[in-house]
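Spelled out from the first residue to the last, the chains are:
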Amino acid sequence: MRFEAVLGDITLQQVDAIVNAANSTLFGGGGVDGAIHRAGGPEILAACRALRETVYPDGLPTGDAVATTAGLLSAEHVIHTVGPVWSSLEDRTPLLAGAYARSLAVAGEVGAASIAFPAVSAGVYGWPMDDAARIAVATTLRNAPAVPGLGIVRYVLFSERALDAFSGMLSDATL
Ligand code: ADP
């Protein structure tokens, strides 16, 4: 299994599944969520609305994940996950780890051989980048090998700062 950290735009990745740092409404938002819906077209939002009407009337819970079509993107699936908002008062690490673990489980369910993650919760949701990277890398290293058929886990980072955090964690962990 290959783990790699790259600088780039997740919407352009040639992988089977890309993960969206969505919010509970599944109706789109800013950051990576907005970029995915813009690039993937209205089919993704239509699929999200259908999920809200059927499986998730109250929204997708924080730490959970669900797959939809990827619309016009080169990926086959978008796996929407909801990371926790950062809190200095409460340790929400299990929820952020859960978002990665559930996304990997869903990747297994849809039969993805490759998956790309953004830095979930590390944008508008305010999670400090180094800690977000630590949780992301630890959780994916622990969980990805158990996902049948999965061979590539890529972290797609949107800044040099984020890339440094993720590649640092990855090289520490795999030394
Ligand atoms: P959250 O609300 O979970 O914090 P954001 O979308 O605000 O989600 O940010 C998550 C991370 O995704 C941030 O580090 C942000 O810079 C990054 N990001 C934004 N657009 C893209 C993109 N097109 N590809 C990859 N990462 C992106």
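The structure under discussion appears in the preceding block.
Residues numbered from 1 in each chain as written. Predicted model: local features only at pLDDT ≥ 70, side-chain atom pairs only at ≥ 80, totals over all residues. Heavy atoms only, no water.

Draft legend 1. Inspection of the pattern of salt bridges at higher detail. Summed over all chains, the structure comprises six salt bridges. Linking D64 and R102 is a salt bridge whose minimum nitrogen-to-oxygen distance equals 2.8 Å. With D64 in the loop between α2 (42-54) and β3 (65-69) and R102 in helix α3 (residues 93-110), this residue pair connects regions lying 38 residues apart in the sequence. Judged by relative accessible area, D64 falls into the buried class, the value being 17%. On the accessibility criterion, R102 (31% relative accessible area) is partly exposed. When the shortest N-O distance is used, the salt bridge between E90 and R92 registers 2.5 Å. We classify E90 as partly exposed; its relative accessible area is 45%. Connected through salt bridges with shared partners, the residues R2, E4 and R154 form a single ionic network. (Salt bridge = Lys/Arg side-chain N within 4 Å of Asp/Glu carboxyl O. Helix = DSSP H or I, 4+ residues; strand = E, 2+ residues; numbered from the N terminus. Buried < 20%, exposed > 50% of the residue type's maximum accessible area, 1.4 Å probe, protein only.)

Draft legend 2. Representation of unusual backbone geometry in the model. Its identity as a non-glycine residue notwithstanding, L26 has a phi of 65°, on the positive side. Assignment of secondary structure puts L26 in the loop between β2 (17-21) and α1 (31-40). The exposure class assigned to L26 is buried, which follows from its relative accessible area of 2%. In the Ramachandran plot, S121 falls in the positive-phi region, its phi being about 75° despite a non-glycine side chain. Assignment of secondary structure puts S121 in the loop between β5 (114-117) and α4 (129-143). S121 sits in the buried class, given a relative accessible area of 5%.

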